[in-house]
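The residues making up each chain are set out below.
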Amino acid sequence: MKTSKVAFIVSFLMVILVSLGSVSAANTTISATANAFWSPTPTPGSLVELTVNFESSNAVTIYLYRIGIHVDWQAEGQYYTLDLSDNPKAVESGGLYSTKVTITVPATASIGPHTYMIAVDGFDNNGDSFTWDSASYSITVQDSTTATTTPTSTNNSTSRNGAGIDSLLIYIAVIAGVAVIAVLLAIFIVKRTNKKIAAPVVPYTPERRPTPETDESEEKAPEQDLDEKDFTI
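All of the points below concern the structure found in this document. (Residues numbered from 1 in each chain as written. Predicted model: local features only at pLDDT ≥ 70, side-chain atom pairs only at ≥ 80, totals over all residues. Heavy atoms only, no water.)

Topic: a nonpolar patch on the surface
- Taken together, the side chains of Leu185, Phe188 and Ile189 make up a nonpolar region of the molecular surface, amounting to roughly 300 Å² of accessible area.
- Its place among the elements puts Ile189 in helix 2 (residues 164-197). (Patch = residues over 30% accessible without salt bridge, like charges linked within 9 Å, V, L, I, M, F, W, Y side chains within 5 Å. Areas by Shrake-Rupley, 256 points an atom, 1.4 Å probe, with all protein chains shown as cover. Salt bridge = Lys/Arg side-chain N within 4 Å of Asp/Glu carboxyl O. Helix = DSSP H or I, 4+ residues; strand = E, 2+ residues; numbered from the N terminus.)

Here we look at the pattern of salt bridges
- Summed over all chains, the structure comprises one salt bridge.
- Linking Asp121 and Arg66 is a salt bridge whose minimum nitrogen-to-oxygen distance equals 2.8 Å. Of this pair, Asp121 sits in strand 7 (residues 112-124) while Arg66 sits in strand 3 (residues 62-71), and the two are 55 residues apart along the sequence.

Concerning the packing of aromatic side chains
- Considering all chains together, one arrives at five aromatic pairs under this definition.
- Ring geometry for Trp38 versus Tyr116: centroids 5.2 Å apart, planes at 70°, classification edge-to-face. Of this pair, Trp38 sits in strand 1 (residues 32-39) while Tyr116 sits in strand 7; the two residues are 78 residues apart in sequence, bridging distant segments of the chain. For the pair Trp38 and Tyr116, one class covers both residues: buried.
- Between Phe54 and Trp132, the ring centres sit 5.4 Å apart and the planes meet at 85°, which makes this aromatic pair edge-to-face. (Phe/Tyr/Trp six-rings, centres within 6.5 Å; stacked < 30°, edge-to-face > 60°. Buried < 20%, exposed > 50% of the residue type's maximum accessible area, 1.4 Å probe, protein only.)

A closer look at the sheet that holds strand 1
- Sheet architecture is open: three strands sit in the order 1-2-6, paired in antiparallel fashion. Looking at the sheet topology across the chains shown, the edges are occupied by strand 1 and strand 6 (96-104). Each adjacent strand pair in this sheet contributes to an overall mean axis angle of 20°, direction not counted.
- Alignment of strand 1 against strand 2 (residues 47-56), held across eight bridges, turns out to be antiparallel. Note on strand 2: the bridge partner recorded for Asn35 is Asn53. (Pairing = 2+ DSSP bridges. Axes fitted to C-alpha atoms, helices over the stretch in contact; angles between N-to-C directions.)

Notes on the pairing of strand 7
- Counting buried positions over the 13 residues of strand 7 gives eleven, a clear majority of the element.
- With nine bridges connecting them, strand 3 and strand 7 associate as antiparallel partners. If you follow Ile69 over to strand 7, its bridge partner there is Ile118.
- In this structure, strand 7 lies alongside strand 8 (residues 129-133), joined through five bridges in antiparallel fashion. Within strand 8, the residue paired with Phe123 across the bridge is Ser129.

Quick look at the side chain of Asp124
- Along the polypeptide, Asp124 turns up in strand 7.
- Apart from residues lying up to four places away in sequence, Asp124 is in contact with Thr28, Thr61, Ile62 and Tyr63. (Contact = heavy atoms within 4.5 Å.)

With respect to the side chain of Thr81
- Following the sequence through the fold, Thr81 ends up in strand 4 (residues 78-83).
- From its side chain, Thr81 meets the backbone oxygen of Tyr79 in a polar contact 3.4 Å long. (Polar contact = N/O pair within 3.5 Å; in protein donor to acceptor, adjacent residues only side chain to side chain.)

Quick notes on the nonpolar core
- Trp38, Phe54, Leu64 and Trp73 are the most contacted members of the largest nonpolar core, which has 31 residues in total.
- Mapped by element, the contributors of at least two residues to this core are strand 1, strand 2, strand 3, strand 4, strand 6, strand 7, strand 8 and strand 9 (137-141).
- Per element, the largest residue contribution to this core is five residues, and it comes from strand 3. (Core = buried A, V, L, I, M, F, W, Y, C linked by side-chain atoms within 4.5 Å.)

Some words on the environment of Gln78
- Within the secondary structure, Gln78 is located in strand 4.
- Taking the C-alpha atoms as reference points, Gln78 and Gly68, ten residues apart in sequence, are found 8.9 Å from one another.

Quick notes on the environment of Asp121
- Given the relative accessible area of 2%, Asp121 is considered buried.
- Along the backbone, Asp121 and Ser85 are 36 residues apart, and their C-alpha atoms lie at a distance of 9.8 Å.
- For Asp121, the side chain forms a polar contact with the side chain of Arg66, separated by 2.8 Å.

See below:
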């Protein structure tokens with residue numbers, strides 16, 4: 001009964017946590033500008049470093065937890081992503097945040113102009129999340145027989161989603177739920193195991209000793225006939 005109560009309380013707290021995450025998922029609108037500088041000039045198969053500048057014209061401080069670059073050679077919804085969720089970056093009103101994103105130009109990229117855009121995900125002081133996309137920019141891929149080498153990229157091409165920080169809350173709640181179930185299952189298994197290995201109780205019965213038997217083979221002493229005895233003195 002106590003175990004069931006503990007499981008119910010933990011489940012209730014998990015529901016509250018997920019609900020709070022859902023409330024904070026309300027979208028808000030922000031005002032900002034962004035641009036990117038490519039270095040060196042991109043060529044097919046090369047590594048290129050983009051310096052991304054994001055300037056906020058919002059009235060309040062906002063926090064960035066993901067920056068993405070989408071280039072037209074990627075599939076729709078795919079981005080070169082810089083994940084800042086472990087340490088969201090604060091940008092004050094009128095403030096500028098600058099960072100670098102290293103990407104790989106595919107060897108199949110065509111020579112000539114290409115378009116790209118910058119995407120930013122974040123939240124404001126109230127915890128309301130936002131997704132922001134820049135205007136479309138143009139970059140030219142040039143022909144080169146030798147790829148230019150730059151530091152190895154640590155940013156993968158990923159799909160963008162609006163979950164952000166709220167996804168982290170849901171993941172934490174799910175992990176907590178799995179941990180609780182594992183603990184309860186372990187306690188149940190231990191209790192059943194203890195019941196199986198418990199030694200059976202044997203009632204005490206006093207030991208019975210065998211009753212000595214009379215050996216019928218022993219010769220009885222002959223009875224004396226008093227009439228046959230000689231009493232002559």
